[in-house]
Amino acid sequence: MDDDERYRDGRSDFIRGAKDIAKVAKKQVGKKVGRGVDKMADEYVKRSYKRFEEEDDDDDYAGVPSNDGGYYRNDSRANDDGGHSDSTEGHDEDDEIYEGEYQGIPRGDSGKTGGMDGMAVAEAQQFRDLSAFEGEVRKDREELAQQYETILQECGHGKFQWTLYFVLGLALMADGVEIFVVGFVLPSAEKDMCLSEPNKGMLGLIVYLGMMVGAFVWGGLADRIGRRQTLLISLSINSVFAFFSSFVQGYSSFLFCRLASGVGIGGSIPIVFSYYSEFLAQEKRGEHLSWLCMFWMIGGIYASAMAWAIIPHYGWSFQMGSAYQFHSWRVFVLVCAFPSVAAISALSTMPESPRFYLENGKHDEAWMILKQVHDTNMRAKGYPERVFSVTTIKTVKQIDELVNMSDSAAWHEKWRLKLSSLFHQVWNNFQTVFSPEYRRTTYMMMAVWFSMSFSYYGLTVWFPDMIKYLQKQEYASRTKVFVKEKVEHVTFNFTLENQVHRQGQYFNDKFMNVKMRSMVFEDSLFEECYFEDITSSNTFFKNCTFIATLFYNTDLFKYRLINCKLINSTFLHNKEGCLLSDVSDENNAYMVYFVSFLGTLAVLPGNIVSALLMDKIGRLRMLAGSSVISCISCFFLSFGNSESAMIALLCLFGGISIASWNSLDVLTVELYPSHNRTTAFGFLNALCKLAAVLGISIFTSFVGITKAVPILFASGALAAGSFLALKLPETRGQVLQ
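Residues numbered from 1 in each chain as written. Predicted model: local features only at pLDDT ≥ 70, side-chain atom pairs only at ≥ 80, totals over all residues. Heavy atoms only, no water.

In the annotation of an unreviewed UniProt entry, the protein is listed under the name Synaptic vesicle glycoprotein 2A and assigned to Xiphophorus couchianus. Under the UniProt heading Subcellular location (unreviewed entry), the note attached to the protein is "Cytoplasmic vesicle, Secretory vesicle, Synaptic vesicle membrane". According to the UniProt record, the Sequence similarities (unreviewed entry) comment for the protein reads "Belongs to the major facilitator superfamily." (UniProt positions renumbered as here; feature names shortened; annotations may be inferred.)

This is the structure in structure tokens:
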């Protein structure tokens, strides 16, 4: 009996132990299966989020809205009869609960404390999910960078890249033209618009302010809506307002059109370099981006040549009464819009950057473009049979940013929400430029861009102003002075220029169809004289007496008569127009265009040298070396005491400093990743234009006063820039981030 009981007890213990082992094994298998199902389901949800929303009635992926607008997916293991979740640990087949074991997360109605614990767990899980997602995105981008470089190697460098080179070169050429337009038309435009000195200064700076705004705005948009589309929009704005500016008559409307035109063209530099770099393999990138800089020089040459050929031809004009005038300088403004129009036409035939598509999860679109690049190059090289071997390209995981809009919402409300969402995306992308990963690089690049722009633009505008000052000094040295001359019954019908007449007496003299340039009459007497059809500039009568004198169809307005006495004298049919302090003659106009032409052409050697050496010596050595040599060349400015010497120094400085600009453009492209490359480039280029405005304002204020201050400012800025440039990381031989 005792043996039977012991046998039954032992058999029961054995069966109970076997059951416990089976339960534990089954539970562990259920956990592993459930985790695998969860992992696959989570991946599916991440990749098909929108489709998941539309199919929210599906039993397998039913969800309920959460407080933050997202969806919580029901636990797939809860409906799985063959497995157990972590929250049901401790449950056996008969739904027994072992004492002291974990019994799951309480529901919302289980008490206040339980609800708060659930929220904390959910927030912690969300934070862990976001961190994990960011890690996956970073890993995806690293893998994409390596694979993309391999694909570009397979595509090769050939016909497609050279076609894109000339297309984007037109856009860069339009930027170069824009810089020179206002400076060339100012001497002529001031006649039509009666511009004062402050107005002329504002017109000269407004282009830089517009380009500053445009660089920041279009650079940020290019990372969100695409390089090609953004560049087309910006060039279209530039073309439209450049066209309008050639026809508007008033100063305010002309100022606004040039501002808007500058905003449009401001996007060309940051987008063009980023766009082109994403079609170039690493061994070609530095060289060909430097060759692309040649088009900025071509734009300056084009503007100088067109100004030389068009503006001095005053016969190329028409007018409708006195209200509307279209002079030759307006023809020049119209012609300067052609590069932008040509760039729009050519760019419409080119594809979007495949790297942009891959960064935004558009695999098929990117693959088609890369195949087009490969096939175009292979056909041009005589290998049409070569097949594009890439079948799958890594794409970056995306977060779907949903905008809640009902179908009944008005169209303007939908646009407002879309624009608001786009603004937040651009702003968040801009903030990543100052994230801990890129903060030091961004601050260093800001300092280098600012110092380069401050010195370069300040000096390039200071040079022409110094040349004009030297011309005026040389002109003043040839002034003829006449004292106590007495002239009677003489008719003057020729040009009077650069003369000073003191204490003269003029009796019954006639001044007919006369041009007076830089004429001054002091303490003189005019009796029974006749002035008819007089055109004057920088001409004044000081402390003179007019007796029985008639002024007919002249521009000798009363404000040209300083402290003068008028006795029985009359003004009839005065000319309409502006009081101009100085009017440059045709020879001076040609001189201005010729100097600009030489200064622009002088950068050609620097462009060639930088293109050939960029990938050999590296970006940093090129940038620092060119800045140091430019700094040394600044000290030669103290020897520029003649017009020819200043022109030579202008060409020297431009030819040396262009290598710094080329290397800085390449370095900016390569230091930032593709998802915020144009944003960073646009911000730095906007800072560049701000520095240009400050440099121009400061340097030109010392014209005719001293050379020491501009020399010290320019050399100090260049020295600081070259020192900081050496602290930046070298990017030669690296894949495009």
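**Considering the pattern of salt bridges**
Inspection of the entire model under this criterion finds 13 salt bridges. A salt bridge links R478 to E474, with the nearest nitrogen and oxygen atoms 3.1 Å apart. Several salt bridges share partner residues, and in doing so they unite E149, R285, D615, R619 and E670 into one network. (Salt bridge = Lys/Arg side-chain N within 4 Å of Asp/Glu carboxyl O.)

**Topic: the confidence of the model for the protein**
Atom-level detail of predicted coordinates should not be read off regions where pLDDT is low. For the protein, per-residue confidence averages 78 on the pLDDT scale, and 77% of positions sit at 70 or higher. Of all helices and strands in the protein, the one with the weakest mean pLDDT is strand 2 (residues 71-73) (34), whereas helix 12 (residues 338-347) scores best (94). Note on residues 36-116: pLDDT is under 50 here. Beyond four places in sequence and across chains, it has 74 contacts. (pLDDT = per-residue confidence, 0-100. Helix = DSSP H or I, 4+ residues; strand = E, 2+ residues; numbered from the N terminus. Contact = heavy atoms within 4.5 Å.)

**A few points about the sheet that holds strand 6 (residues 486-488)**
Read from one edge of the open sheet, five strands run 6-9-11-14-17, paired in parallel fashion. Only two strands of the sheet have a single partner each, and these edge strands are strand 6 and strand 17 (565-567). Between one strand and the next, the sheet's axes are offset by a mean angle of 5°, whatever the strand orientation. (Pairing = 2+ DSSP bridges. Axes fitted to C-alpha atoms, helices over the stretch in contact; angles between N-to-C directions.)

**A closer look at the packing of aromatic side chains**
Overall, the coordinates contain 52 aromatic pairs when judged by the stated rule. Between the aromatic rings of F434 and Y443, the centroid separation amounts to 5.7 Å while the plane-to-plane angle is 55°, which identifies the pairing as tilted. Look at F521 and F541: their rings are 4.9 Å apart centre to centre, the planes differ by 5°, and that puts the pair in the stacked class. You can see F521 sitting in strand 10 (residues 510-522) and its partner F541 sitting in strand 13 (residues 540-542), a full 20 residues away along the chain. (Phe/Tyr/Trp six-rings, centres within 6.5 Å; stacked < 30°, edge-to-face > 60°.)

**A short note on a nonpolar patch on the surface**
Together, V213, F216, V217, F423 and W427 make up an exposed nonpolar region whose accessible area comes to about 460 Å². Counting residues per element, the nonpolar patch draws most heavily on helix 5 (residues 197-225), which supplies three residues. Within the element layout of this structure, V217 appears in helix 5. When its relative accessible area of 36% is taken as the criterion, V217 is described as partly exposed. (Patch = residues over 30% accessible without salt bridge, like charges linked within 9 Å, V, L, I, M, F, W, Y side chains within 5 Å. Areas by Shrake-Rupley, 256 points an atom, 1.4 Å probe, with all protein chains shown as cover. Buried < 20%, exposed > 50% of the residue type's maximum accessible area, 1.4 Å probe, protein only.)

**Some words on empty space enclosed by the protein**
All chains considered together, the criterion is met by three cavities of 30 Å³ or more. A volume near 270 Å³ is recorded for the largest cavity. Lining the largest cavity are 20 residues, with I269, W296, Y457, W661 and D665 positioned closest to its centre. Elements that contribute at least two residues to the lining of the largest cavity include exactly helix 4 (159-193), helix 8 (268-277), helix 10 (294-310), helix 16 (439-476), helix 18 (603-617), helix 20 (643-671) and helix 21 (677-700). Partitioned by chemical class, the residues of the lining of the largest cavity number 14 nonpolar, three polar and three charged. (1 Å grid on protein atoms, 1.4 Å probe; cavity = no way out; pocket = protein on both sides within 12 Å on 5 of 7 lines; lining within 4 Å. Points joined across faces, edges and corners; volume = space filled by probe spheres on them. Nonpolar A, V, L, I, M, F, W, Y, C, P; charged D, E, K, R; others polar.)

**Observations concerning the environment of N538**
With respect to the helices and strands, N538 occurs in the loop between strand 12 (530-537) and strand 13. A relative accessible area of 28% places N538 in the partly exposed class. In this structure the C-alpha to C-alpha distance between N538 and N498, which are 40 residues apart in sequence, comes to 9.5 Å. Within the structure, N538 has its side chain in polar contact with the side chain of S518 (distance 3.4 Å). (Polar contact = N/O pair within 3.5 Å; in protein donor to acceptor, adjacent residues only side chain to side chain.)

**Re helix 8**
With ten of ten residues buried, helix 8 is to be regarded as a mostly interior element. The set of residues buried in helix 8 consists of S268, I269, P270, I271, V272, F273, S274, Y275, Y276 and S277.

**Observations concerning helix 21**
In this model helix 21 runs 34 Å from its N-terminal to its C-terminal C-alpha over 24 residues, within 8% of the 34 Å that 1.5 Å per residue would give. Here helix 21 lies mainly inside the structure; 19 of its 24 residues are buried. (Expected span 1.5 Å × (residues − 1).)

**Quick word on the pairing of strand 10**
Here strand 7 (residues 491-492) pairs with strand 10 via two bridges, running parallel. When the bridges of strand 10 are listed, F492 appears paired with F511. As judged from the six bridges shared by strand 8 (residues 496-502) and strand 10, these two strands associate in the parallel manner. For R502, the partnering residue across the bridge sits in strand 10 and is E522. In the sheet, strand 10 pairs with strand 12 via seven bridges, with the strands oriented parallel. Paired with F511 across the bridge in strand 12 is F531. With three bridges connecting them, strand 10 and strand 13 associate as parallel partners. Looking at the pairing, E522 lines up with K542 of strand 13.

**Describing the side chain of R355**
Along the chain, the position of R355 falls in helix 13 (residues 354-359). At a separation of 3.4 Å, a polar atom in the side chain of R355 contacts the side chain of S674. In contact with R355, not counting residues within four places along its chain, are L144, A145, Y148, E278, S674, L736 and Q737.

**Observations concerning the pairing of strand 12**
As paired strands, strand 12 and strand 15 (residues 550-554) are joined by four bridges and run parallel to one another. From the neighbouring strand, Y530 faces strand 15, where its bridge partner is L550.

**A closer look at the environment of T395**
Secondary-structure assignment places T395 in the loop between helix 14 (363-380) and helix 15 (411-432). A sequence separation of 254 residues divides T395 from R141, and the C-alpha atoms of the two residues are 7.8 Å apart. Among residues more than four places away in sequence, those in contact with T395 are D140, L358, G361 and H363.

**Observations regarding the packing of helix 8 against helix 9 (residues 282-292)**
One way to put it is that helix 8 packs onto helix 9 with a least axis distance of 10 Å and a crossing angle of 145°. The handedness of the crossing between helix 8 and helix 9 comes out as right-handed. Contacts from V272, F273, Y276 and S277 in helix 8 reach R285, H288, L289 and L292 in helix 9. Across the contact of helix 8 with helix 9, the residue classes break down as five nonpolar, two polar and one charged. (Left-handed = near helix turned anticlockwise from the far one by under 90°.)

**Focus on the packing of helix 9 against helix 10**
The interhelical angle for the contact between helix 9 and helix 10, taken along N-to-C directions, is 5°, at an axis separation of 4 Å. When the interaxial angle is binned, helix 9 and helix 10 end up roughly parallel. Between helix 9 and helix 10, the contacting residues are S290, W291 and L292 on the first element and M294, F295 and W296 on the second. Across the contact of helix 9 with helix 10, the residue classes break down as five nonpolar, one polar and no charged. (Parallel < 35°, antiparallel > 145°, perpendicular 65-115°, else oblique.)

**Re unusual backbone geometry**
The phi angle at N513 is positive, at roughly 55°, despite the residue not being glycine. Following the sequence through the fold, N513 ends up in strand 10. Relative accessible area serves as the criterion here: at 55%, N513 is assigned to the exposed category. With phi around 55°, S518 is a residue other than glycine that occupies positive phi space. Exposure remark for S518: the relative accessible area of 15% places this residue in the buried category.

**Some words on the side chain of N685**
Counting through the fold element by element, N685 comes out in helix 21. Among all residues touching N685, those that are not within four sequence positions of it are A215, G266, I269, P270 and W449.

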